[in-house]
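Structure assessment
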Amino acid sequence: MCTVGRLAPPRSGAGRCDGDPPLTHVTLVWQEGLREDWLRFGKPVGQRVIDHRTRVESYKPGQLFAFVRWASNEYGTIRSALAIARAVAAGDTYSTLPQVDPGAEILLSVRGWPKVRQVLGLIDAIEAGGTDPCDVAPDHWRHMDNRLAAGMQARAYHPDRHRVWLRYRNLRP
């Protein structure tokens, strides 16, 4: 039987059995009003509760997730960040991302509450159109990242674009 230790967040590859894919682990901390990390979307394959404030969610290679980090002090918000990332397979190149072990392919990354709020609105619009954000084409998230970085409006994710992406994804090995 495969088990993962209960006291510390797993390191990459920890808690695997032979034949299992390596997992990407996202550590979430929640201290009401001080530090609040959450996942806007994602379908973890596993979750471990470390203590009443900390949990670790795990993703198989290729899965997408949106990770939001927020912190404040007595003067107000000191950090707002949102990253949409894809869990990586063993041997894949990846970028480091705080609280993500070993790291992930970053498809979109914004900092500052106005941009985070804008991306949250774009995710809401995708869901309102009937598409699960976990299934959106990775190129669309890259498109959104580039457009936002250039100060431009990102194009909407059209259902026709999604159908094409699903067909393409099903053709790949």
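Preceding this section is the structure that the text describes.
Residues numbered from 1 in each chain as written. Predicted model: local features only at pLDDT ≥ 70, side-chain atom pairs only at ≥ 80, totals over all residues. Heavy atoms only, no water.

1. Some remarks on the overall build of the chain
Within the chain, the regular secondary structure consists of 3 helices and 8 strands. Looking at the 173 residues of the chain, the share that counts as buried comes to 38%. Expressed as a percentage of contacts within the chain between residues at least 6 apart in sequence, the contacts between residues at least 24 apart total 57%. Accessible area of the chain: about 10000 Å², with a carbon and sulfur share of 52%. (Helix = DSSP H or I, 4+ residues; strand = E, 2+ residues; numbered from the N terminus. Buried < 20%, exposed > 50% of the residue type's maximum accessible area, 1.4 Å probe, protein only. Contact = heavy atoms within 4.5 Å. Areas by Shrake-Rupley, 256 points an atom, 1.4 Å probe, with all protein chains shown as cover.)

2. Structural notes on the environment of Arg35
In this structure, Arg35 sits in strand β2 (residues 35-42). Sequence spacing of Arg35 and Trp70 is 35 residues, and the spatial spacing of their C-alpha atoms is 5.7 Å. Among all residues touching Arg35, those that are not within four sequence positions of it are Val29, Trp30, Trp70, Ala71, Arg79 and Gln99. A distance of 3.0 Å separates polar atoms of two side chains, one belonging to Arg35 and the other to Gln99. (Polar contact = N/O pair within 3.5 Å; in protein donor to acceptor, adjacent residues only side chain to side chain.)

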